[in-house]
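Structural characterization, general
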Amino acid sequence: MYLCVFVCLAATCRVADLRAHFKNTYETARAVKGLNLKRAIKYLEDVLEHRDCIPYRRFTGHVGRTTQAKHHGVTQGRFPEKSVRYVSQLLKNLQANAEAKGLNVDRCFITHFAVQRAIQGRRRTYRAHGRIGPYLSSNCHIEFITTEKAENVKRAAEDKKVRLTKKQAAKQRLAIGK
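Quick look at the structure, then. Remember, it's a predicted structure, so these values are computed and weren't measured experimentally.

Considering the side chain of T66
Along the chain, T66 turns up in the loop between β2 (54-55) and β3 (77-78). With residues near it in sequence (within four places) discarded, T66 still touches C53, T75, G77 and F79.

Following this line, the structure appears as structure tokens:
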């Protein structure tokens, strides 16, 4: 689990055994990591309306190409509606949790996400010649953590002291004694 140094400046949300494809949900969650909380929710709304896409970086097998993926530095992208809807709901819950903790939502960024495979749902499909085949659903667990970014602190004015090595300091001490 992800531990934050400033626990009071972080909010979490998670869901277990979500009935959405693991691979699509992983790519969706990865796309919003590092974004501002409000910006992430807006981005997912754009994906639902096909104004932007979810870039596929890890699970790229048989994923088609889309022009919108060029904005993210890849060629492959999709619009996984079900995953986007669930992640969007989760981010709205995360926003409410951050407000309940007294965080400034405008300065909250998504610093951590975890999407893990859950136990597959088992159903059956009927095949030719009286056989039965598996009909599985790839469920997943999701977790998000947001932290409030602190204001930038200006560096203190440094005094330009010349740093000496031990050998140079010893030579100076000897020179003073002469």
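Further notes follow.
Some remarks on the pattern of salt bridges
Counted under the stated rule, the structure contains 8 salt bridges. Where E143 meets R14, a salt bridge forms, and the shortest distance between an N and an O atom there is 3.0 Å. Of the two residues, E143 is situated in strand β7 (residues 140-148) and R14 in strand β1 (residues 10-18); the sequence distance between them amounts to 129 residues. What makes R14 partly exposed here is its relative accessible area of 48%. Taking the shortest distance from any N to any O, the salt bridge between E148 and R107 comes out at 2.5 Å. Taken as a pair, E148 in strand β7 and R107 in the loop between α3 (81-100) and β4 (108-117) lie far apart in primary sequence, 41 residues in all.

Description of the environment of E81
Note on placement: E81 falls in helix α3. A C-alpha to C-alpha distance of 23 Å links E81 and A96, two positions 15 residues apart in sequence. Discounting residues that sit within four places of it in the chain, E81 has contacts with L48 and H50.

Quick word on the layout of surface pockets
To find leftover empty space, one rolls a probe the size of a water molecule over the atoms. Size it by volume and the largest pocket reaches roughly 180 Å³. Lining the largest pocket are 13 residues, with R19, A20, H21, K82 and S137 sitting closest to its centre. Ranked by the residues each element gives to the lining of the largest pocket, the list is headed by α3, at 3 residues.

Rules of the game
- Numbers given to residues run from 1 along each chain, matching the order in which its sequence is written.
- With pLDDT at 70 or above as the cut-off, local features in this predicted model cover only qualifying residues; side-chain atom pairs require 80 or more to be listed or tallied, and sums for whole chains, interfaces and linings still use all residues.
- Working from all heavy atoms in the structure, the side-chain values ignore hydrogens and water.
- Counting from the N terminus, the helices are the DSSP runs of H or I reaching at least four residues and the strands are the DSSP runs of E reaching at least two.
- By definition, residues are in contact when any of their heavy atoms lie within 4.5 Å.
- Within this document, salt bridges are pairs made up of a side-chain nitrogen of Lys or Arg and a carboxyl oxygen of Asp or Glu, the two lying within 4 Å of each other.
- Buried, partly exposed and exposed residues are distinguished by accessible area as a fraction of the type maximum, computed with a 1.4 Å probe on protein chains only: under 20%, between the cut-offs, and over 50%, respectively.
- The method works on a 1 Å grid over the protein atoms by themselves. A cavity is a set of points holding a 1.4 Å probe that cannot get out, a pocket is an open set with protein on both sides within 12 Å along at least five of seven lines, and residues with an atom within 4 Å of a point line them.
- Grid points are joined across faces, edges and corners, and a volume is the space filled by probe spheres set on the points.

By themselves, these figures tell us nothing about what the structure is for.
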